[in-house]
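Geometric and topological summary
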Amino acid sequence: AQSVTQPDIHITVSEGASLELRCNYSYGATPYLFWYVQSPGQGLQLLLKYFSGDTLVQGIKGFEAEFKRSQSSFNLRKPSVHWSDAAEYFCAVGTGTASKLTFGTGTRLQVTL
Amino acid sequence: EAQVTQNPRYLITVTGKKLTVTCSQNMNHEYMSWYRQDPGLGLRQIYYSMNVEVTDKGDVPEGYKVSRKEKRNFPLILESPSPNQTSLYFCASSPTGETQYFGPGTRLLVL
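So, here is what we can say about the structure in this document. (Residues numbered from 1 in each chain as written. Chains lettered and ligands numbered in written order. Predicted model: local features only at pLDDT ≥ 70, side-chain atom pairs only at ≥ 80, totals over all residues. Heavy atoms only, no water.)

**Let's talk about the state of the cysteines**
- Taken as a whole and judged by the stated rule, the model has 2 disulfides over all chains.
- Shown here is the disulfide that connects Cys-23 of chain A with Cys-91 of chain A, its sulfur atoms set 2.0 Å apart. With the S-S dihedral at roughly -65°, the linkage between Cys-23 of chain A and Cys-91 of chain A falls on the left-handed side. Within this pair, whereas Cys-23 of chain A is found in the loop between β3 (19-21) and β4 (24-26), its partner Cys-91 of chain A is found in strand β10 (residues 87-94), the two being separated by 68 residues in sequence. Each member of the pair, Cys-23 of chain A as well as Cys-91 of chain A, carries the same accessibility label: buried.
- Shown here is the disulfide that connects Cys-23 of chain B with Cys-91 of chain B, its sulfur atoms set 1.8 Å apart. When the S-S torsion is -75°, as for the bridge of Cys-23 of chain B with Cys-91 of chain B, the disulfide is left-handed. You can see Cys-23 of chain B sitting in strand β3 (residues 19-25) and its partner Cys-91 of chain B sitting in strand β9 (residues 87-94), a full 68 residues away along the chain.
- Exposure remark for Cys-91 of chain B: the relative accessible area of 0% places this residue in the buried category. (Disulfide = S-S within 2.5 Å. Helix = DSSP H or I, 4+ residues; strand = E, 2+ residues; numbered from the N terminus. Buried < 20%, exposed > 50% of the residue type's maximum accessible area, 1.4 Å probe, protein only.)

**Digging into the interface of chain B and chain A**
- Across the contact, 23 residues belong to chain B and 20 residues belong to chain A.
- Both faces combined, the contact of chain B with chain A buries some 1,700 Å², and carbon together with sulfur accounts for 52% of it.
- Summed over the shared surface of chain B and chain A, the number is 0 salt bridges.
- Taken together, chain B and chain A are joined by 2 residue pairs in polar contact (both at pLDDT 80 or more).
- Listing elements by their share of the side of chain B that touches chain A, those giving two or more residues are β4 (31-38), β5 (42-51) and β9 of chain B.
- Considering every element that reaches the side of chain B that touches chain A, the biggest residue donor is β5 of chain B, with 5 residues.
- Broken down by class, the residue content of the side of chain B that touches chain A amounts to 10 nonpolar, 10 polar and 3 charged. (Contact = heavy atoms within 4.5 Å. Buried area = accessible area lost by both parts, 1.4 Å probe. Salt bridge = Lys/Arg side-chain N within 4 Å of Asp/Glu carboxyl O. Polar contact = N/O pair within 3.5 Å; in protein donor to acceptor, adjacent residues only side chain to side chain. Nonpolar A, V, L, I, M, F, W, Y, C, P; charged D, E, K, R; others polar.)

**Section: the nonpolar core**
Residue and element names in this part refer to chain A.
- Counting 26 residues, the largest nonpolar core has Leu-19, Trp-35, Leu-47, Leu-48, Phe-74, Leu-76 and Tyr-89 as its most contacted members.
- Elements supplying a minimum of two residues to this core: β2 (10-14), β3, β5 (32-38), β6 (44-50), β8 (64-68), β9 (73-78), β10 and β12 (107-112).
- Looking at which element gives the most residues to this core, the answer is β10, with 4 residues.
- Sequence-distant contacts of Leu-48, that is, excluding residues within four places in its chain, are made with Leu-33, Phe-34, Trp-35, Val-57, Gln-58, Gly-59, Phe-63, Glu-64, Ala-65, Phe-74 and Leu-76. (Core = buried A, V, L, I, M, F, W, Y, C linked by side-chain atoms within 4.5 Å.)

**A closer look at the packing of aromatic side chains**
- Summed over the entire model, instances satisfying the criterion amount to 15 aromatic pairs over all chains.
- An angle of 75° between the planes, with centres 5.8 Å apart, marks the rings of Phe-34 of chain A and Phe-51 of chain A as edge-to-face. With Phe-34 of chain A in strand β5 and Phe-51 of chain A in the loop between β6 and β7 (56-58), this residue pair connects regions lying 17 residues apart in the sequence.
- Overall, Phe-34 of chain A belongs to the buried group, its relative accessible area being 0%.
- Here Tyr-36 of chain A and Phe-102 of chain B contribute two aromatic rings whose centre-to-centre distance is 5.3 Å and whose plane-to-plane angle is 85°, an arrangement assigned as edge-to-face. Here Tyr-36 of chain A, found in strand β5, pairs with Phe-102 of chain B, found in strand β10 (residues 101-102), and the two come from separate chains. (Phe/Tyr/Trp six-rings, centres within 6.5 Å; stacked < 30°, edge-to-face > 60°.)

Structure follows, in structure tokens:
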């Protein structure tokens, strides 16, 4: 069975600083990987996804993520964080069948001004 | 506007009183799922459906039922709610089974 680990429960960064959120997955085959963002009181919005091809994927809101098969990682990055990026971020792995996503436990991002 | 809608958005009920949370999508998606979100646990899949009349259990199906009689609707039924089903519930739909589009969530409190 697949699993996702987000080792950082809570991260605080200053506005304008760079950001990296970690995600490690466990899955026997090539995974489908996702990053979702959840703002307070809101649903989940897809930031970006990786299915195949270029291992560096670009998403919305200036986010990017890099798939590293050797490290089983799919870390999310942003070069300069804005106060509006404060939210909870979820990494997820999909098997490509049965519409099944397995989510990590999330990383809450706080942005200080 | 393409969207997934859920009703109600907030619900307070008592133990044992049957309830239904509705989910509807207007994108003609084949796949639909239900998740629950609990602090420190992320989102866990309850049930999913690959098409009309085709449903299967996710990771935490106990205490829940679903049905898919129409492509656009995927209601979640709690026949006898218990306090441990207090949670935030999300419905999602997907055209292909991978990228999922989430509804706004339903916050349920079972007393």
